[in-house]
Number of protein chains: 2
Amino acid sequence: MKAITIEKVEGKPGKVYYPLKLIDLPISTPKPTEVTVKLLAAALNHRDHFIRQHLYPGISFDSIPLLADGAGIVTSTGSAVPTSWLGKRVVLAPGRGWDSDPAGPESDVYAILGGTKHAPTGTLQEYISVPVSEVEEAPLHLDAVESAAIPLCGLTAFRAVFTKGQVQAGQNVLITGIGGGVALMALAFCCAKGAVVFVTSGSGDKLVAAKELGASAGVSYKSTAWEKDLKGLLPRSRPYLDVVIDGAGGDVAARTVPLLKRGGKIVSYGMTLAPQTPFTMSAVLKNIDLMGSTMGSRKEFGDMVEFVRDKQLRPVISKVADGISIDSLEPLFEDMKEGRQFGKLVVKIAPEDTAKL
Amino acid sequence: MKAITIEKVEGKPGKVYYPLKLIDLPISTPKPTEVTVKLLAAALNHRDHFIRQHLYPGISFDSIPLLADGAGIVTSTGSAVPTSWLGKRVVLAPGRGWDSDPAGPESDVYAILGGTKHAPTGTLQEYISVPVSEVEEAPLHLDAVESAAIPLCGLTAFRAVFTKGQVQAGQNVLITGIGGGVALMALAFCCAKGAVVFVTSGSGDKLVAAKELGASAGVSYKSTAWEKDLKGLLPRSRPYLDVVIDGAGGDVAARTVPLLKRGGKIVSYGMTLAPQTPFTMSAVLKNIDLMGSTMGSRKEFGDMVEFVRDKQLRPVISKVADGISIDSLEPLFEDMKEGRQFGKLVVKIAPEDTAKL
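Computed from a prediction, not measured in an experiment: that's the story for all the values here.

Participant: An account of the interface of chain B and chain A is needed here, citing residue identities and associated values.
Facilitator: How big an interface is tends to be stated in terms of accessible area lost as the parts join. The interface is formed by 33 residues belonging to chain B together with 33 residues belonging to chain A. Looking at the side of chain B facing chain A, the largest losses of area belong to Arg262, Phe279 and Asn287 of chain B, adding up to 26% of the total buried there. Where chain B packs against chain A, one counts four salt bridges. Residue Asp289 of chain A is joined to Lys164 of chain B by a salt bridge in which the shortest nitrogen-to-oxygen separation is 2.7 Å. Taken together, chain B and chain A are joined by 23 residue pairs in polar contact (both at pLDDT 80 or more).

Participant: Would you mind going over the packing of helix H3 (residues 151-164) of chain B against helix H9 (residues 298-311) of chain B in detail, with residue names and values included?
Facilitator: Residues and elements named next belong to chain B. Taken N-terminus to C-terminus, the directions of H3 and H9 make an angle of 95°; their axes are 9 Å apart at the nearest point. In terms of axis orientation, H3 runs roughly perpendicular to H9. Of the residues in H9, those touching H3 at Pro151, Gly154, Leu155, Phe158, Arg159, Phe162 and Thr163 are Glu300, Phe301, Asp303, Met304 and Phe307. Among the residues forming the contact of H3 with H9, the class breakdown is seven nonpolar, two polar and three charged.

Participant: Residues and numbers for the environment of Lys21 of chain A, please.
Facilitator: All names here are of chain A. Note on placement: Lys21 falls in strand S2 (residues 20-24). The class for Lys21 is partly exposed, based on a relative accessible area of 28%. Expressed as a C-alpha distance, the spacing of Lys21 and Phe61, which sit 40 residues apart in the sequence, is 9.4 Å.

Participant: I'd love a proper account of the sheet that holds strand S16 (residues 289-292) of chain B, names of residues and values included.
Facilitator: Across the sheet, which stays open at both edges, the twelve strands sit in the order S12(A)-S11(A)-S10(A)-S13(A)-S14(A)-S16(A)-S16(B)-S14(B)-S13(B)-S10(B)-S11(B)-S12(B) with mixed pairing between neighbours. The sheet terminates laterally at strand S12 (217-220) of chain A together with strand S12 (217-220) of chain B, the two strands that pair on one side only. Ignoring strand direction, the axes of neighbouring strands in this sheet form an average angle of 15°. Those strands touched by H3 of chain B are strand S16 (289-292) of chain A together with strand S13 (241-246), strand S14 (260-268) and S16 of chain B, and its axis lies near 155° from that of S14 of chain B.

Participant: Could you give me a rundown of the packing of helix H3 (residues 151-164) of chain A against helix H4 (residues 181-193) of chain A, with the residues and numbers involved?
Facilitator: All names here are of chain A. Contact geometry for H3 and H4: axes closest at 8 Å, N-to-C directions at 50°. Considering the angle they form, H3 stands oblique to H4. Two packed elements cross with a definite hand, and for H3 against H4 that hand is right-handed. Taking contact as the criterion, the partners of Cys153, Gly154, Thr156, Ala157, Phe158, Val161 and Phe162 in H3 are, on H4, Gly181, Val182, Met185, Ala186, Phe189, Cys190 and Lys193. Taken together, the residues that form the contact of H3 with H4 break down as ten nonpolar, three polar and one charged.

Participant: Would you mind going over the relation of the copies chain B and chain A in detail, with residue names and values included?
Facilitator: With an RMSD of 0.0 Å, the operation that places chain B on chain A is a rotation of 180° combined with a shift of 0.0 Å along the axis. The superposition operator between the copies reduces to a two-fold rotation axis. Across chain B, the smallest distance between a C-alpha and the rotation axis is recorded for Pro278 of chain B, namely 2.1 Å.

Participant: If you had to explain the nonpolar core to someone new, which residues and values would you point to?
Facilitator: Judged by nonpolar contacts, the single largest core of 91 residues is most densely connected at Leu44, Leu66, Ile175, Phe189, Ile245 and Leu329 of chain A. When residues of this core are assigned to domains, at least three map to each of domain 1 (2-150 + 315-355) and domain 2 (155-292) of chain A. What Phe189 of chain A contacts, discounting residues up to four positions off in sequence, is Gly154, Ala157, Phe158, Phe162, Met304, Phe307, Val308 and Leu313 of chain A. In terms of nonpolar packing, the next biggest core, distinct from the first, is built from 90 residues, Val37, Ala71, Val130 and Val346 of chain B among them.

Participant: Break down helix H6 (residues 226-233) of chain A for me, with residues and values.
Facilitator: All names here are of chain A. Those residues of H6 not exposed but buried are Trp226, Glu227 and Leu230. The buried residues of H6 occupy an angular sector of 100° when the element is viewed end-on, so they sit on one face. Exposed residues on H6 whose side chains face more than 90 degrees from its buried face are Lys228, Lys231 and Gly232. Close packing links the buried residues of H6 with strand S10 (172-175), strand S11 (196-201), S12, strand S13 (241-246) and helix H7 (252-256).

Participant: Report on the packing of aromatic side chains, specifying residues and quantitative values.
Facilitator: Tallying each qualifying case throughout the model produces 16 aromatic pairs over all chains. Their ring planes at 70° and their centres at 5.1 Å tell us that Phe158 of chain A and Phe162 of chain A sit as a pair that is edge-to-face. On the criterion of helical spacing, the pair formed by Phe158 of chain A and Phe162 of chain A is a turn pair, its members being four residues apart in helix H3. Like Phe162 of chain A, Phe158 of chain A is buried. Relative to Phe307 of chain B, the ring of Phe189 of chain B lies with its centre 5.6 Å away and its plane at 85°, an arrangement referred to as edge-to-face. With Phe189 of chain B in helix H4 (residues 181-193) and Phe307 of chain B in helix H9, the pair connects residues that are 118 residues apart, well separated along the chain. Looking at Phe189 of chain B, the relative accessible area reads 0%, which means it is buried. Exposure remark for Phe307 of chain B: the relative accessible area of 14% places this residue in the buried category. Following the ring pairs from residue to residue traces out a cluster consisting of Phe158, Phe162, Phe189 and Phe307 of chain A. A cation over a ring is seen here: Arg52 of chain B above Phe333 of chain B, with NZ or CZ 4.6 Å from the ring centre.

Participant: Can you tell me about the pairing of S10 of chain A, naming the residues and giving the values?
Facilitator: Residue and element names in this part refer to chain A. Alternating residues of S10 divide into Asn172 and Leu174 and Val173 and Ile175, and every residue in both groups is buried. Of the strand pairs in this sheet, S10 and S11 are connected by four bridges, and their pairing is parallel. Its bridge partner lying in S11, Val173 is registered against Val197. For the crossover that starts at S10, traverses H4 and ends in the parallel S11, the hand is right-handed. Of the strand pairs in this sheet, S10 and S13 are connected by three bridges, and their pairing is parallel. Considered in S13, the bridge of Val173 is made with Val243.

Cut-off values and rules
- Residues numbered from 1 in each chain as written.
- Chains lettered and ligands numbered in written order.
- Predicted model: local features only at pLDDT ≥ 70, side-chain atom pairs only at ≥ 80, totals over all residues.
- Heavy atoms only, no water.
- Contact = heavy atoms within 4.5 Å.
- Buried area = accessible area lost by both parts, 1.4 Å probe.
- Salt bridge = Lys/Arg side-chain N within 4 Å of Asp/Glu carboxyl O.
- Polar contact = N/O pair within 3.5 Å; in protein donor to acceptor, adjacent residues only side chain to side chain.
- Axes fitted to C-alpha atoms, helices over the stretch in contact; angles between N-to-C directions.
- Helix = DSSP H or I, 4+ residues; strand = E, 2+ residues; numbered from the N terminus.
- Parallel < 35°, antiparallel > 145°, perpendicular 65-115°, else oblique.
- Nonpolar A, V, L, I, M, F, W, Y, C, P; charged D, E, K, R; others polar.
- Buried < 20%, exposed > 50% of the residue type's maximum accessible area, 1.4 Å probe, protein only.
- Pairing = 2+ DSSP bridges.
- Left-handed = near helix turned anticlockwise from the far one by under 90°.
- Least-squares fit on C-alpha atoms with pLDDT ≥ 70 in both.
- Core = buried A, V, L, I, M, F, W, Y, C linked by side-chain atoms within 4.5 Å.
- Domains from an automatic or database assignment.
- Arc of directions from axis to C-beta.
- Phe/Tyr/Trp six-rings, centres within 6.5 Å; stacked < 30°, edge-to-face > 60°.
- Lys NZ or Arg CZ within 6 Å of the ring centre and 35° of its normal.
- Right-handed = clockwise from strand over helix to strand, strands pointing away.

If you want it as structure tokens, here you go:
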């Protein structure tokens, strides 16, 4: 079967961009507690872009396929797995080694699927064998492409919004850098919860699109004092932010502390703008928490899929590539490199109907 | 009766040091819901040192006495207050306008006692009238000087350690800058809870004294890589920190993130080293929270006094001045200016036995 990894070439971290490599792998048979899944779709995340630049620890150049997100149909079950799983459409938990501790992984070897030496496997292949405990039934209202768009970003957003940010109905939430996968899932989750959502972006088109998806208002972070623009948009009845969900870092905390209510939260799931964000005495005096949040537990993954099902949420899809080939994949990485995407970049691996058993 | 405020003189914030001024105030009679307390002792906090330097907002040069901490005996009750309060020894809640919200003050006019325009009154006077709802009975095992040493630092430490840090028995806690009032109360609270406490200080004597008070070990922050010294001291069975209680800021967060467990907490209650502390991507990837914590609610104050009573804790007293006079007060401020104190700087206002009714 076809799979895609990366090829080792000379170059320094951050300067290199490892070429994709099409490889041939045998289709594995499931171990007793595993299922084998015919993958219908897989999706990209920022980490895949970092892996190709060697800006990620423990990169594998061997036989671990790229990508952490995948959805497909169970085609084979291990001897200890009920055969009722056969034919079910499933989404894969994107990480291993973190069961349920709200604080963080219980295990020292927490690993995300795809592209690294620690990863047990990756989703950019035609078939994948995983423990049955690592899959969830896909929500019925989603097709395979939409299902594959959910795992990693959905999990990261769910933990950031609910476990860390504790977002409640009626609260004002700021989500920075709308357009990225996590930010858009956070927007969907906050809106579904009944929060009032504000967004930032460098693109006017993305601000308009975010409003169509449920955001109340947005401001351009290219404005020199965007926090003042934002202040003017807050409702008179609740003229402050309760929670900020941030993937940018840099001056976002300093700019938003004055807008946050006392005891407000800034949840940081990434730092694309700068590798650190200063926490100031003003934040201390307002009892504000700056909370790091990465990925989420297996339990949070299950809760997230259930929330998507219950609220009938749909991920935003930016572009779909057709089939496992280098030519189909490169335009997706190109979009990520240029920051052009608005939503998820997905690879359709097999047509939906051929997968029906 | 005697009271002490500050006198306005020329000088820029940070450069000026306002002289103390002895004034004469009438003894107030209690309003219906108030009690009048004959103050036996009052205590200094860092904010009083900042007030004299004009590094604190809303300073009063009028008739609001300095100081937030006080303990005394109820000598008069308002018409709506049970007379059973008469003769009780009480400690005063150091702030007003924050009832019980764990997130932060419900009121926009949260005010700490002493020295500012917002403050309803201050404790550097012979008698004080306050709502009966703003006092707690003093723990019986403490004398008046010890009781007065507890309110502001105890409240700040209690919220930082328990509400924010969620410190549990068996956890490893780092308390930076041991010697300050909050740090020493945090040490007492963590030890009483059964946590294993590590401390930093610039003074070898303070490290020794902290160990006598229950700290497991300490490192000098003058060591270029004190975090490595600290790492060597952590128990083999639990070789990481669970919580950092920090009043320094600066590079404390960056140095301690590698020592913290996943999902660990850094609680910041002040920044004496630098006005900000950088939060890094390493912290995000470890799901670490950097939490601002200032003062605490009326409910937390009651819980703190109850904890002190229940665990029979004693505050550390650095120096006691005798009587309300400028000459007695200045040496206390001098100690604070030089960072010489180890524990609280207290003013004994009246002898314990003269106050018995």
